[in-house]
Structures are given as C-alpha cells and as structure tokens.
Amino acid sequence: MTVADGDARLAARIDGGGTFREEAGFFGPGPQRLFGVLHRPTGPPLGGLVICPSIHTEFITGYRTEVVLARTLASRGLAVQRFHYRGVGHSDGETEETTFATMREDALAAAARLLERTGVDGLGFLGMRFGGLVAGSAASEHRGCPLVLVEPTLEARRFFRDAWRAKLIRDVAKGTHARGQGLAEALEREGRVDVVGYSICRPLFESAADRTLVGELGDGARPTLLVQLGRALSLRRDLEAAAAALRRLGCEVAVEAVAEDLVGWFLTDPGRQRKQPRALIEVTSGWLEGEMGAAT
Amino acid sequence: MNTTEKEKLRGFIIDRLRWDGASRQLTDDYPLLESGVIDSLAIFEIVQFLEDECSVEIADDKLVPENFATLAAIAKLVESKS
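What counts and how
- Residues numbered from 1 in each chain as written.
- Chains lettered and ligands numbered in written order.
- Predicted model: local features only at pLDDT ≥ 70, side-chain atom pairs only at ≥ 80, totals over all residues.
- Heavy atoms only, no water.
- Helix = DSSP H or I, 4+ residues; strand = E, 2+ residues; numbered from the N terminus.
- Rg over C-alpha atoms; globule rule 2.2 N^0.38 Å.
- Axes fitted to C-alpha atoms, helices over the stretch in contact; angles between N-to-C directions.
- Parallel < 35°, antiparallel > 145°, perpendicular 65-115°, else oblique.
- Left-handed = near helix turned anticlockwise from the far one by under 90°.
- Contact = heavy atoms within 4.5 Å.
- Core = buried A, V, L, I, M, F, W, Y, C linked by side-chain atoms within 4.5 Å.
- Buried < 20%, exposed > 50% of the residue type's maximum accessible area, 1.4 Å probe, protein only.
- Salt bridge = Lys/Arg side-chain N within 4 Å of Asp/Glu carboxyl O.
- Polar contact = N/O pair within 3.5 Å; in protein donor to acceptor, adjacent residues only side chain to side chain.

Attention shifts here to the overall build of chain B. Across its full length, chain B holds 3 helices and 0 strands. Each helix and strand of chain B, ordered N terminal to C terminal, gives the series α-α-α. The globule rule puts the C-alpha radius of gyration for 82 residues at 12 Å, and the 11 Å found for chain B is close to it. Counting only C-alpha atoms, chain B reaches 30 × 25 × 20 Å along its principal axes.

In structure tokens form, the structure reads like this:
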C-alpha cells in the first residue's frame, strides 16, 4: 500500500502484512543528494541499523540480500537504513569523484538520517564486503555500537586485486590472454578501468588501497559479528586472524561460517542471487536481536 | 605441488565445481577449460584455493589459459611458484 508523506522527497509504503513501512527518497546535508530506503517497524523501533553496501558488481550481487535482510529486521522491530553512495546507483555524483572519504561521509549521513527519522537510541552498522571497511570506519564515530561484517574486505588493496583478477580471469575463460599490466599501472595511465562492466577509478583506488579493517576501527571496543560466506564451514585463516586482531582491540567478536554460495562476487551472475540467503539472514538477525533487543 | 595438494585440488574440482563424471575420469590431462568444466568463476575459486592451500601467490601475468587448461598445467603453475 502506498501512503502519502509530508516530505515531498519521499515515497512511502507499508508492506502487505503491516509490520513495517518503507520510505524511499533522497537525503543528505550537501548539494549532492543521497538515495536511500528506510525500513521501519510500524511500532516504535528497538534500535537502528545502517547497511553499507559493497561497490562495483558487488553492489548488484549483494543488493537482494540487503533488501531482504532489511525487511526481515524491520518486521522484527529494528529500523534499517539502506543507501547508495554518491556516484553509485540512484545517488547524485560521478563515479570519478567517489573516494573512501565520501563513502564514509555518506554512511554517517545515512546514520544521521536514521536517527533523525526514527529517534532510536541504539545504532549499529552492517557492511557487506567492501562496505565492511566503510561500516567499520563509520562505526568508529559511534562508540561501542554493534557491527556486523559480512565477508568483509580486510585489506582494500586485496579487494582491488581480486577485482582486477576477475577481469583477467574472464579473459582466461574466453581463451584470450591477459594484459601484461597491473591495476595500479592501468589506473595511472587511464584514470579508470572497466571491471566486468563497472569502473574502478583512480580517486577511490588511491584513497582506499592502503586501508585495512582493523585500521579503520581504531581503538574502540564493540560487539562485532564476523560472517564468512561460502561452502567451507571451517573459518578461513584470514578471517581467523581478523577476529583475533579485533579481540585485541577489545571487541567482543562472534564468528559465523554460513554455507551460502556467494563466493567470487565479481564474477557471480546477479541472477544467481535471486534465491533468498536464508541462513545469512537468520544468523545476522539473530545476533542483532541479541545485541539490540529486537523482538523475535 | 605435492601429491596431497594435487588430490585436494582434484577433490575441489569434483566436489565444488561443475564435474558431472566419475572421479577417475578427471585425469591430469583432462581438458578443463575446453570441455567447460571450469569457467571464469571456477578459475577465480581455484586461484583462491591454490593461494590458501598451497601457500603460493599467483601473479597476474600467470592468469593465462594454458595455466588452467588441465590439472597437470595447474600443478605445474604451482610448482613454478614454490
């Protein structure tokens, strides 16, 4: 059901079951508008969560998961703010102008909007893949807030390397030889490169490449859920090391390996993501309910 | 690439990638790319598998078709990095 809203920039609707309401629209403090959707329970929310999406092809392959997760959480009492970074999706701005700093600002603007629209006290962040870096960085501005990291990028340089590899590997599968240059060299020369239909631009690469998840979190202790996706049920070594590093920062870390087939996201056909990732949603919402007091 | 690692890779292809035949049919010289057993996503996963299980780093310039054409070719690639 579509409903009228006093704010002309918003389109709002209430779901068929009447348990949550969605407000889609533009917001943000600057001249460039951010697009976002606020999923809010019809009753007073028990807490709020900002979802920071990944970028490039993963913005698409993770999209459905984020929508379903947001709706599930809203139906259980949490207000959830999704958004598009400037230069991405429906938000204003050019891809060439997106930097890690603008992405962090956008996540914080989304948090501010969530707080303003709902008046919730408790706030948390969730980041998918590269969005994990952004969520971690934004969470450092909100002392002690819960943080969910789904297959987080631990080192931005590795994320870009994997993206570049996706391009090269596609060439391999097509039977054509890969180019003999690296991503950094290609960006230096051309300013932007195409990876499976999406551009990686030099400003984002240069502003993000040296960042790590642990570095972005600073020294703030917080409850943290680390989620590994894939077919392996034992924890990968890199995530084990990340969990240990977060514990050294004083974080209370829970780790879950979820058997969802979402590996190799750069190369995953978005059509494969139509199936609802139920296990991921259950693990994530269960943990958030415990941390933020949502109703089961 | 030692025998154990090669068998792990064979098991990885059989269990996790698109291998429909009997395991004994996946010989060292079976044409993986040409027959469509592995696609771009599978190569991505194999590269991650090799780096995790064999503790090697596969350089970008090694991502060429001949290095992924067969199990033997992949083993040779890993050996060259060891």
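Moving on to the packing of helix α1 (residues 3-16) of chain B against helix α2 (residues 40-53) of chain B. All names here are of chain B. Between α1 and α2, the least distance of the axes is 11 Å, while the angle of their chain directions is 150°. Between α1 and α2, the crossing angle belongs to the class labelled roughly antiparallel. Considering how the two elements wind past one another, α1 and α2 form a crossing that is right-handed. Together, Glu5, Lys8, Leu9, Phe12 and Ile13 of α1 and Glu45, Ile46, Phe49, Leu50 and Glu53 of α2 make up the contact between the two elements.

This part covers the nonpolar core. Ranked by size, the top nonpolar core spans 87 residues in total, and within it A:Phe125, A:Phe130, A:Phe160, B:Ile38, B:Ile46, B:Leu50 and B:Phe68 carry the most contacts. The element contributing the most residues to this core is helix α5 (residues 156-173) of chain A, with 9 residues. If we skip the residues at most four places from it in the chain, B:Ile38 touches B:Leu17, B:Leu32, B:Leu33, B:Ile43, B:Ile46 and B:Phe68. By size, the runner-up hydrophobic cluster in this structure holds 21 residues, among which are A:Ile51, A:Ala70, A:Leu126 and A:Val148.

Residues and elements named next belong to chain A. Under the criterion given, the structure shown has 28 salt bridges over all chains. Ionic pairing is found between Glu105 and Arg86, a salt bridge with its closest N-O pair at 2.8 Å. Pair noted here: Glu105 is in helix α3 (residues 100-118) and Arg86 is in the loop between β6 (78-83) and α3, with a separation of 19 residues, a long-range link. Overall, the relative accessible area of 45% leaves Glu105 in the partly exposed class. Here Glu190 ties to Arg189 by a salt bridge, and the two come within 2.4 Å at their closest N and O atoms. Residue classification places Arg189 among the exposed residues on the basis of a relative accessible area of 56%.

Residue and element names in this part refer to chain A. Positive phi, close to 50°, is recorded for Arg129, a residue that is not glycine. Mapped onto the fold, Arg129 is located in the loop between β7 (123-128) and α4 (130-139). Residue Arg129 is classed as buried on the basis of its relative accessible area of 13%. Even without a glycine there, the phi angle at Glu151 is positive, about 45°.

Listed in full, the buried residues belonging to helix α3 (residues 71-81) of chain B are B:Leu71, B:Ala73, B:Ile74, B:Ala75, B:Leu77 and B:Val78. Residues of α3(B) that are buried in the fold lie against α1 and α2 of chain B.

All names here are of chain A. Turning to its location among the elements, Ser137 is positioned in helix α4. A relative accessible area of 1% means that Ser137 is categorised as buried. Of the polar contacts made by the side chain of Ser137, one reaches the side chain of Arg104; its length is 2.5 Å. In this structure the side chain of Ser137 is engaged in a polar contact, spanning 3.0 Å, whose partner is the side chain of Glu216. Beyond its immediate chain neighbours, meaning those up to four positions away, Ser137 contacts Phe100, Arg104 and Glu216.

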